[in-house]
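# Topology and contacts: notes
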Amino acid sequence: MSGIGWHIFAFGAIAIFLIVIVYRTIAISRLPVHLRWELAPIPHEKGKARYGGSYLEEYEWWRKRQSRSFMAPVLYMAAEILLLRGVWKHNRALWPLSFAFHAGIYLIALMLLFSLVSALLIITEVPSGVVDVFLAIASVLAAAGYLLGGLGAVGLILKRALDTNLRSFNTVSKYFNLVFLVALFITGAYAWFASTDFASTMSLFIKGLVTLDGGVTLALPLSVHIVISLLFLIYLPMTDMIHFVAKYFTYHEIRWNDEPKNEKMIEELNGLLDQPVSWSAIHVKADGKKNWVDLTTKKMSDDEKA
Amino acid sequence: MKKLKLTDIARGEDTQLIEINPNELIPLPPPYDRVEALPGFKQLTEEQRGRLVCNLDGVVSYAALPKTKNKEEEKKYVEQFVSGMKKLLSKENNWTFLQPLLLSIDYCAQCQTCCDACPIYLASGRNDLYRPTYRSEIFRRLVNKYVRPVGKLRAKLSGGDIELNWTTITRLYELSYRCNLCRRCAQSCPMGVDNALITRELRKLFSQELGWAPKELHEKGTVLQLEVGSPTGLRPDVAIDNLQFLDEEFTEATGTKVSTPWDKEGADILLIHSAGDIISFPEGPISFSIICNAAGINWTLSSEIPGYDGVNYGVFYDDVQLARVAIRHAQIAKKLGVKKIVMGECGHQHKAFMTVADRVLTGDLDIPRESVMTFLENLVFSGKIKFDPSKNNFPVTLHDPCNVVRNLGIVEPQRRILRYLCPQFREMTPHGVDNYCCGGGGGLSVMSDVNFTDWKVHVAGRMKFKQVLEAFADRPGSEVKKYICAPCLNCKLQFRDLLDYYGAREKSGIICGGLAELIVNAMVDVKKPFIQWEEL
């Protein structure tokens, strides 16, 4: 691929990734406010979260100020994202593979960050000793990331195929996602072994992209790896693998959303209650025109007499 | 045990999908470990099989559908099912749960972590049919196929394409009532996916679009409650008469004056019991009268339809019915001019009225609502009532109603009362927010008929019964009377079925009652023992 080709492909893939991720995130966030559906334990409940208690344990809770922790949910999610806390707690047999797989992805993301920083340091002509430190770290991160990710992904494919507990729920897309990732990890590992200085080459490639240098050239193994990685970047946001976005909503907006009504919410609720209903069962009594309030509110007997 | 594929749901027409074999269920401790010594699982008669759709697991309740007259009728229902799926995914018809539903449909990783959290799946000996993921994944694939763009093509390409036919929808309908909606599965899901919610949405689709719901929950449930006052059929005047009679009877039996106020305008508190307690567990409502009067509370019950019955089965299957009942309860409180509403000892009433319906109770219907647990805790530790905990010196364990504990996070108040008033209080394992459902959750406790109770006691309530026996393992014999404190009407009904079925009163001396009864039993001013072991 020519230098300009790399630019178009790389920036195009990044743009598609960002646009689709942002679009899908906004789409989820703009779904209407739902009825409360919280689930204990809720980590922001100060002093109560350790046993799953909530502010509803307080006598006349509405007279008291809810004591919420900001840090507890952050720490909970950090353990969930980085260490797969939930899988460790509830599905220990799956954890080693799933952790290796996710750790591989995180390490590769970190490697890219270090490579980007190295590229910026090279551009700004920082002394080479500093750059070398960043490149050395990036190199270790790459090796560890490809190795762990590859092992995890291959292991997960085998587990899905062999474990009778999982097998009947598999779909082609689940296998395809994992195979795609195996290809990414293996080509990355091969490129690392095939290159005398993987991290340096990666940094120079990124420098070429950042500075719009048309002279970017790469050896075949790294080219193949980067092509697969960029294709994956385009593919990722189209799939359910963006559960890292969905998870924010399933936890913060549903499980942990124990917020009583506020003025903004009431305004939105009034709009939702005003919508026409068209469910067909006789008892609902919907005709496509009556709204939620019409269907669910009956005047009290005294009001009716009046 | 037969391994099930997801696609099996659509195959075999009238053929029963699985057979429940009691020998494959998880074993119980002695003396309940010998399957042959227990009453058998009732089998369906040929007449029932000819009349009803029973193509799932050989279990039939009032939820069972009559067989259709012809293929056209079946086709009509299948089309309605597709239309219902579309409505479930629309903002207008399902704003109430659209975001949680879409996230649960779209982001399941198929890791099966939730299965080992499900007491029904575990008790069944890990029967595939009862996996929390089995019905959810079928529903997910149907939604993706029939509601999403190019769904049919994607279904063909992705493998595991599920055919939508009469067999599929009737089995899915029945299967949606093999879940307690306890949300233990949701709690264990690393993604935050909620299979109990999917099950409830499925029930909702059947109810709100096809008009299918178990009679006990709908026709004899919410509909009867809104018309007559209570799913028990108890009319307002009969409810008042019953409680007046009970007031007199308990005054005589306990030597303590019992009186229950009705329709007192301007009272501080509206207490809403479950009317089922008045009929099946009258010691409960009477205990409240004794406690409130002893503490000098300005309180009242309401005889307005349905203000004397706090149950709200809508939370199990239908948003419209849920809102109708909740709004009605709030209107009654508003009319009485009370300062707050206190939930009775009823788990799903707590969840329905305190949180789920919170966002439909706007304006002047947003009257403060409090749990009975915090209300009682405040009274017990107020110093207004004298207690002698030695009167409760027998083994007591606490059952955590899922809707109070896991769903609302009300864990400690009831425990503080029991630690104070019951010297031999002991926890089950696991307990608190990790508890197991009694097996009657999700409306199942009020569903019976044919052989549904057999399923509830054999499968749904099995983990809980095992837990109870383990909690009392140090005093196994019937000579030591033991008390399961279950502060929830539906849980008590399920425990009654469990204890009856296994003969646990006779064999192990175990009874079940509420929390308020234990409080009254420990009151110094109540001279005679309040808990009557032989009657519970």
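All residue numbers refer to positions counted from 1 along the written sequence of the respective chain. To read the labels, note that chains go from A and ligands from 1, taken in the order they are written. Since the coordinates come from a predicted model, pLDDT governs what is reported: local features require at least 70, and pairs of side-chain atoms require 80 or more to be given and counted, while whole-chain, interface and lining totals use all residues. Values reported for side chains reflect all heavy atoms of the structure, with hydrogen atoms and water molecules removed beforehand.

This part covers the domain arrangement of chain B. Residue and element names in this part refer to chain B. Domain delimitation follows an automatic or database domain assignment. Once the domains are mapped, chain B shows domain 1 (6–210), domain 2 (219–377) and domain 3 (384–521). Centre-to-centre, using C-alpha coordinates, domain 2 lies 22 Å away from domain 3. We call two residues in contact when some of their heavy atoms are within 4.5 Å. Opposite the 28 residues of domain 2 that make contact, domain 3 presents 29 residues. By convention, the term buried area covers the 1.4 Å-probe accessible surface removed from two parts as they join, with the contributions of both added. Taken together, the two surfaces of domain 2 and domain 3 that pack against each other cover about 2500 Å², and 71% of this comes from carbon and sulfur. Considering only the surface of domain 2 that becomes buried against domain 3, Phe281, Glu345 and Met373 emerge as the three largest contributors, covering 28% of it. Salt bridges are defined by distance alone: a side-chain nitrogen of Lys or Arg within 4 Å of a carboxyl oxygen of Asp or Glu. For the interface between domain 2 and domain 3, the tally reads two salt bridges. The partner of glutamate 377 in a salt bridge is arginine 416, and the shortest N-O contact between them spans 2.4 Å. Any pair of N or O atoms that falls within 3.5 Å is considered a polar contact. Within protein, one atom must be able to donate a hydrogen and the other to accept it, and sequence-neighbouring residues count only if both atoms are side-chain atoms. Our enumeration of links across domain 2 and domain 3 arrives at five residue pairs in polar contact (both at pLDDT 80 or more). Going along the chain from the N terminus, every DSSP run of H or I of four or more residues is numbered as a helix, and every run of E of two or more is numbered as a strand. Elements with a contribution of two residues or more to the side of domain 2 that touches domain 3: α13 (275–280), α14 (283–294), α17 (347–355) and α18 (372–380). The element contributing the most residues to the side of domain 2 that touches domain 3 is α14, with seven residues. Taken together, the residues of the side of domain 2 that touches domain 3 break down into 12 nonpolar, 11 polar and five charged. When residue character is reported, Ala, Val, Leu, Ile, Met, Phe, Trp, Tyr, Cys and Pro are called nonpolar, Asp, Glu, Lys and Arg charged, and the others, Gly included, polar.

For the rest of this paragraph, the subject is the interface of chain A and chain B. Opposite the 79 residues of chain A that make contact, chain B presents 93 residues. Across the chain A to chain B interface the summed buried area is about 7800 Å²; carbon plus sulfur atoms make up 59%. Area buried by chain A at its contact with chain B is led by Trp37, Phe169 and Trp279 of chain A, which between them contribute 13% of it. The tally of links between chain A and chain B comes to four salt bridges. Here arginine 36 of chain A ties to aspartate 358 of chain B by a salt bridge, and the two come within 3.4 Å at their closest N and O atoms. The set of elements that each furnish at least two residues to the side of chain A that touches chain B consists of α1 (3–29), α3 (85–90), α6 (164–167), α7 (172–194), α10 (243–255), α11 (263–273), α12 (292–296) and α13 (301–305) of chain A. Ranked by residues supplied to the side of chain A that touches chain B, first place goes to α10 of chain A with nine residues.

For each structure, a 1 Å grid was placed over the protein atoms alone; sets of points admitting a 1.4 Å probe that cannot get out are labelled cavities, open sets with protein on both sides within 12 Å along at least five of seven lines are labelled pockets, and lining residues have an atom within 4 Å of a point. Grid points are joined across faces, edges and corners, and a volume is the space filled by probe spheres set on the points. The space that makes up the second largest pocket amounts to roughly 1300 Å³. For the second largest pocket, the lining is made up of 41 residues, of which Asp240 of chain A together with Asp106, Asn144, Arg148 and Arg154 of chain B are closest to its centre. Of all elements in the fold, only α1 and α7 of chain A together with α4 (98–106), α6 (132–146) and α7 (151–158) of chain B reach the threshold of two or more residues within the lining of the second largest pocket. No other element matches the six residues that α6 of chain B contributes to the lining of the second largest pocket. For the lining of the second largest pocket, the per-class residue count stands at 20 nonpolar, 10 polar and 11 charged.

Turning our eyes to something else, we now look at the nonpolar core. A general feature of soluble globular proteins is that nonpolar side chains tend to end up buried together. All names here are of chain B. Among the buried residues, those of types Ala, Val, Leu, Ile, Met, Phe, Trp, Tyr and Cys that are joined through side-chain atoms within 4.5 Å form a nonpolar core. Burial here depends on accessible area, computed with a 1.4 Å probe over protein chains only, as a share of the maximum for the residue type. Under 20% is buried, over 50% is exposed, and the range in between is partly exposed. Phe81, Phe139, Ile169, Leu376 and Trp455 are the most contacted members of the largest nonpolar core, which totals 234 residues. A total of nine residues in this core trace back to one element, the largest contributor, which is helix α16 (residues 319–336). Core analysis: the next-biggest nonpolar cluster, separate from the first, contains 26 residues, Leu38, Phe472, Ala486 and Tyr502 among them.

Residues and elements named next belong to chain B. Fitted lines through C-alpha atoms serve as axes, helices being fitted only where they are in contact, and the angles separating the N-to-C directions of these axes extend from 0 to 180 degrees. Taken N-terminus to C-terminus, the directions of α14 and α18 make an angle of 45°; their axes are 11 Å apart at the nearest point. Overall, the two elements α14 and α18 adopt an arrangement that is oblique. The chirality of how α14 crosses α18 is left-handed. Facing Phe288, Ile291 and Cys292 of α14, the residues of α18 in contact are Val372, Phe375, Leu376 and Leu379. Looking at the contact of α14 with α18 residue by residue, the class counts come to seven nonpolar, no polar and no charged. In these notes the angle categories are as follows: under 35 degrees is roughly parallel, over 145 is roughly antiparallel, 65 to 115 is roughly perpendicular, and the rest is oblique. Two helices crossing with the near one rotated counterclockwise from the far one by less than a right angle form a left-handed crossing, whereas a clockwise rotation gives a right-handed crossing.

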